[in-house]
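A look at the structure
Residue-level listing of the chains:
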Amino acid sequence: MTELDIAAPTEQFFSAQTREALAEASRRLAERLQAHTDALLAMTGDEEQAALYEQNAALEELVEGWNDAVFEHTGTAPLLLEDGADDEDDEVEEDHVLSVVSRFDLRVVDLDALLEAGRAAQQRHPAELDEGGEPEPVDSAEQAIYEISREVGEAWFELPGIEMVAGARAYVVPESPFEPLDADAEDVVTELIAPNGTATHAETWA
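Quick look at the structure, then. Nothing here was measured: the structure is a model prediction, and the numbers come from that model.

**Looking at the packing of aromatic side chains**
Taken as a whole, this structure holds 4 aromatic pairs when the rule is applied. Where F13 meets F71, the ring centres are 6.5 Å apart and the plane angle is 70°; that geometry is what we call edge-to-face. Within this pair, whereas F13 is found in the segment before α1 (16–42), its partner F71 is found in helix α2 (residues 49–74), the two being separated by 58 residues in sequence. Aromatic side chains F157 and W205 sit 5.5 Å apart centroid to centroid with 65° between the ring planes, which places their arrangement in the edge-to-face category. Residue F157 is found in the loop between α5 (141–152) and β2 (162–174), and its partner W205 is found in strand β3 (residues 197–205); the two are separated by 48 residues along the sequence. Residue classification places W205 among the partly exposed positions, given a relative accessible area of 23%.

This is how it looks when you write it as structure tokens:
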């Protein structure tokens, strides 16, 4: 527990007014905490991220209010919360962040042509291997597209033997709270979602 040192006399604390305010803040926090827990337990992961951020923000506001009420009553703060100045600094940095999220659904119409192009790309642009390592055999559509993309970047419209089913790309300016993409996540697929923010541009292909 972290407490704040104060120099003010204790007579200004423990009044009937601060006691009543603390009781009300505690009641509201307990209700919000239970509602927050119920909402999280009901989530399956398919909800919009905005719903989770709204739940977190509502709880955070009441926690801060309760912490203030404890300080007003006792002169101590049970929780060491972040300074608002730090939040302002974070917001300035986030203004310079842009997230680009894309998805392309592809149909393989000529696997042989795709594999041939993938193997050629692998030979021209071999991956860095550990000592004694062997390159991955190009025997699947996924591996072939991976090798071609390593060489020329996003070539969704020029892949041999591939027909695009649909594609989409969105440019998003994140809003606080912003959770950066975790490039080291065990399941990177879960990271491929648009962050909470404003979509400034969008492109679609079909």
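Now that the structure has been shown, we can carry on.
**Thoughts on a negative patch on the surface**
Taken together, the side chains of E60, E61, E64, D68 and E72 present a region of like negative charge at the surface. Tracing the chain through its elements places E61 in helix α2.

**Looking at the sheet that holds β3**
Spatially, 3 strands are ordered β1-β2-β3 in an open sheet, and the strand pairing comes out antiparallel. With partners counted over all chains shown, the strands left at the sheet margins are β1 (99–108) and β3, one partner each. Neighbour-to-neighbour, the strand axes of this sheet turn through a mean angle of 10°, independent of strand direction. With 10 bridges joining them, β1 and β2 adopt antiparallel strand pairing. Across the sheet, R103 pairs through a bridge with A168, a residue of β2.

**Some points on the packing of α1 against α2**
Where α1 contacts α2, the axes come no closer than 9 Å and their chain directions differ by 160°. Here α2 runs roughly antiparallel to α1, going by the angle between their axes. In this structure, the crossing between α1 and α2 has a hand that is left-handed. Its residues placed into classes, the contact of α1 with α2 shows 16 nonpolar, 7 polar and 4 charged.

**Thoughts on α2**
For α2, spanning 26 residues, the distance from its first C-alpha to its last is 38 Å, which sits close to the expected 38 Å at 1.5 Å a residue. For α2, every residue scored as buried is listed here: Y53, Q55, L59, L62, N67, A69, V70 and H73. Turning to α2, the residues buried within the fold contact α1. Trailing α2 by a residue or two, G75 shows a phi angle of about 85°, which is positive.

**What to know about unusual backbone geometry**
Following S176, the chain continues to P177 via a peptide bond in cis, the omega torsion being 0°. If you trace the backbone, P177 turns up in the loop between β2 and β3. Of note in this structure, F14 is not a glycine but carries a positive phi near 60°. The residue F14 is located in the segment before α1 in this model. On the accessibility criterion, F14 (45% relative accessible area) is partly exposed.

Calculation notes
Residues numbered from 1 in each chain as written. Predicted model: local features only at pLDDT ≥ 70, side-chain atom pairs only at ≥ 80, totals over all residues. Heavy atoms only, no water. Phe/Tyr/Trp six-rings, centres within 6.5 Å; stacked < 30°, edge-to-face > 60°. Helix = DSSP H or I, 4+ residues; strand = E, 2+ residues; numbered from the N terminus. Buried < 20%, exposed > 50% of the residue type's maximum accessible area, 1.4 Å probe, protein only. Patch = residues over 30% accessible without salt bridge, like charges linked within 9 Å, V, L, I, M, F, W, Y side chains within 5 Å. Areas by Shrake-Rupley, 256 points an atom, 1.4 Å probe, with all protein chains shown as cover. Salt bridge = Lys/Arg side-chain N within 4 Å of Asp/Glu carboxyl O. Lys, Arg positive; Asp, Glu negative; His and termini not counted. Charge placed at Lys NZ, Arg CZ, Asp CG, Glu CD. Pairing = 2+ DSSP bridges. Axes fitted to C-alpha atoms, helices over the stretch in contact; angles between N-to-C directions. Parallel < 35°, antiparallel > 145°, perpendicular 65-115°, else oblique. Left-handed = near helix turned anticlockwise from the far one by under 90°. Nonpolar A, V, L, I, M, F, W, Y, C, P; charged D, E, K, R; others polar. Expected span 1.5 Å × (residues − 1). Contact = heavy atoms within 4.5 Å.

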